[in-house]
Amino acid sequence: EPEVTQTPSHQVTQMGQEVILRCVPISNHLYFYWYRQILGQKVEFLVSFYNNEISEKSEIFDDQFSVERPDGSNFTLKIRSTKLEDSAMYFCASSFRKTGADGYTFGSGTRLTVV
Amino acid sequence: AQSVTQLGSHVSVSEGALVLLRCNYSSSVPPYLFWYVQYPNQGLQLLLKYTTGATLVKGINGFEAEFKKSETSFHLTKPSAHMSDAAEYFCAVSDYSNAGGTSYGKLTFGQGTILTVHP
């Protein structure tokens, strides 16, 4: 079964440092997403990406965040200057249709700890 | 805007007992609804989804859910719990209804329900 792959599985970084979280979506999927889950809280939408541009973003996704699809396979989330409150599990997801009628496939997540 | 409420952050059942995880949603248009499961240290795995058509949907591992528009509910059930069902379960709604405009089908999740299965 095709998978969404995320690396690294764990990342510890110092406050103020830049981090890049990486994702390899399913190869024939067209829509890409990042979500995050702060410990004990809901899974929250961050951003959606289609046709090499952001299609929607939440209020969480401020200027410190950026996404990129640098080649035909990778999809990255960059946090420029990490804050303690950025500590969370970050999930990448992809779908073939924007409606999600076929379901959204999630990766296993990257646990980011900012110290 | 869509919202999802999962009643009960923790549910505990005995092995072989009925599993019932409750989900109510709020949406201004007919929703697409999903249940995801998260096992420890793993990602979110799709259990089942409702888009259109039959309101009783069957998923993996013997789970099923029924879309009830009048009750705005999408409860997840399984007739007989197994120890391997112990996990966290998330109900989610897609805002596909705006997909023709600026929204691209983002999911809004409930807060999750941790299912514990006792021997």
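Quick caveat, the model's predicted, so the values are computed rather than measured.

Draft legend 1. Geometry of the overall build of chain B. The secondary structure content of chain B amounts to 0 helices and 11 strands. Walking chain B from its N terminus toward its C terminus, one meets helices and strands in the order β-β-β-β-β-β-β-β-β-β-β. A compact globule built from 119 residues should have a C-alpha radius of gyration of about 14 Å, and chain B, at 14 Å, falls within 12% of that. Along the first, second and third principal axes, the C-alpha set of chain B runs to 50 × 30 × 20 Å. A separation threshold of at least 6 residues defines the contact pool for chain B, and within that pool the share at least 24 residues apart is 58%. For chain B, the separation between the mean place of its 7 positive charges and that of its 7 negative charges on side chains is 6 Å.

Draft legend 2. Highlighting the interface of chain B and chain A. Contact with chain B, which involves 26 residues of that partner, is made by 22 residues of chain A. At the boundary of chain B with chain A, the tally comes to 1 salt bridge. Note that B:Lys106 is salt-bridged to A:Glu56, the shortest N-O span being 2.8 Å. Taken together, chain B and chain A are joined by 4 residue pairs in polar contact (both at pLDDT 80 or more). Of all the elements in the fold, those that place two or more residues in the side of chain B that touches chain A are β4 (32-38), β5 (44-50), β9 (87-94) and β10 (107-109) of chain B.

Draft legend 3. Quick peek at the confidence of the model for chain B. Model confidence for chain B is summarised by a mean pLDDT of 90, while 92% of its residues fall at 70 or above. Put simply, β10(B) is where chain B has its lowest mean pLDDT, 92, and strand β8 (residues 73-78) of chain B is where it has its highest, 98.

Draft legend 4. Quick look at the state of the cysteines. All names here are of chain A. One pass over the structure, following the stated rule, counts 2 disulfides over all chains. In this model Cys23 forms its disulfide with Cys92; the gap between the sulfur atoms is 1.9 Å. A torsion of -65 degrees about the S-S bond marks the disulfide between Cys23 and Cys92 as left-handed. Of the two residues, Cys23 is situated in strand β3 (residues 19-24) and Cys92 in strand β9 (residues 88-95); the sequence distance between them amounts to 69 residues. Among the residues examined, Cys92 registers a relative accessible area of 0% and is labelled buried.

Draft legend 5. Region of the structure containing the pattern of salt bridges. Residue and element names in this part refer to chain B. For the coordinates displayed, the defined rule picks out 4 salt bridges over all chains. Two residues, Lys58 and Glu64, come together in a salt bridge whose shortest N-O distance is 2.8 Å. Overall, Lys58 belongs to the exposed group, its relative accessible area being 62%. Under the relative-accessibility criterion, Glu64 is labelled partly exposed at 22%.

Draft legend 6. Focus on the sheet that holds strand β1 (residues 5-7) of chain A. All names here are of chain A. Read from one edge of the open sheet, 4 strands run β1-β3-β8-β7, paired in antiparallel fashion. At either end of the open sheet lies a strand with only one pairing partner, and these are β1 and β7 (65-68). The sheet shows a mean angle of 20 degrees between the axes of neighbouring strands, direction not considered. Relative to β3, β1 is paired through 3 bridges, and the arrangement is antiparallel. What sits directly across from Thr5, in β3, is Val24.

Draft legend 7. Structural detail: the sheet that holds strand β1 (residues 3-7) of chain B. Residue and element names in this part refer to chain B. Read from one edge of the open sheet, 5 strands run β1-β3-β8-β7-β6, paired in antiparallel fashion. In the strand order of this sheet, the two ends are held by β1 and β6 (56-58), each with one partner. Neighbour-to-neighbour, the strand axes of the sheet open up by a mean angle of 20 degrees, direction not taken into account. Judged from the 4 bridges that link them, strand β3 (residues 19-26) and β8 form a sheet pairing that is antiparallel. Bridge pairing in β8 links Val19 to Lys78.

Draft legend 8. Representation of the pairing of strand β5 (residues 43-50) of chain A in the model. All names here are of chain A. Among the 8 residues in β5, 6 count as buried, and that is most of the element. As judged from the 7 bridges shared by strand β4 (residues 31-37) and β5, these two strands associate in the antiparallel manner. Bridge pairing links Tyr31 to Tyr50 in β5. Linkage of β4 to β5, two consecutive antiparallel strands, is achieved through a turn of 5 residues, within which Gly40 is found at a positive phi near 85 degrees. Counted along the chain from β5 to the antiparallel partner strand β6 (residues 53-57), the turn is 2 residues long, and its residue Asn51 has a positive phi close to 55 degrees.

Draft legend 9. Region of interest: the nonpolar core. Residues and elements named next belong to chain B. Formed by 27 residues in total, the largest nonpolar core has its most connected members in Trp35, Leu48, Phe74, Leu76 and Tyr89. Elements that contribute at least two residues to this core include exactly β2 (10-14), β3, β4, β5, β7 (64-68), β8, β9 and β11 (113-118). Once you skip the residues sitting within four places of it in the chain, Leu76 turns out to touch Val19, Leu20, Leu21, Trp35, Leu47, Leu48, Phe63, Glu64, Ala65 and Tyr89.

Calculation rules
- Residues numbered from 1 in each chain as written.
- Chains lettered and ligands numbered in written order.
- Predicted model: local features only at pLDDT ≥ 70, side-chain atom pairs only at ≥ 80, totals over all residues.
- Heavy atoms only, no water.
- Helix = DSSP H or I, 4+ residues; strand = E, 2+ residues; numbered from the N terminus.
- Rg over C-alpha atoms; globule rule 2.2 N^0.38 Å.
- Contact = heavy atoms within 4.5 Å.
- Lys, Arg positive; Asp, Glu negative; His and termini not counted.
- Charge placed at Lys NZ, Arg CZ, Asp CG, Glu CD.
- Salt bridge = Lys/Arg side-chain N within 4 Å of Asp/Glu carboxyl O.
- Polar contact = N/O pair within 3.5 Å; in protein donor to acceptor, adjacent residues only side chain to side chain.
- pLDDT = per-residue confidence, 0-100.
- Disulfide = S-S within 2.5 Å.
- Buried < 20%, exposed > 50% of the residue type's maximum accessible area, 1.4 Å probe, protein only.
- Pairing = 2+ DSSP bridges.
- Axes fitted to C-alpha atoms, helices over the stretch in contact; angles between N-to-C directions.
- Core = buried A, V, L, I, M, F, W, Y, C linked by side-chain atoms within 4.5 Å.

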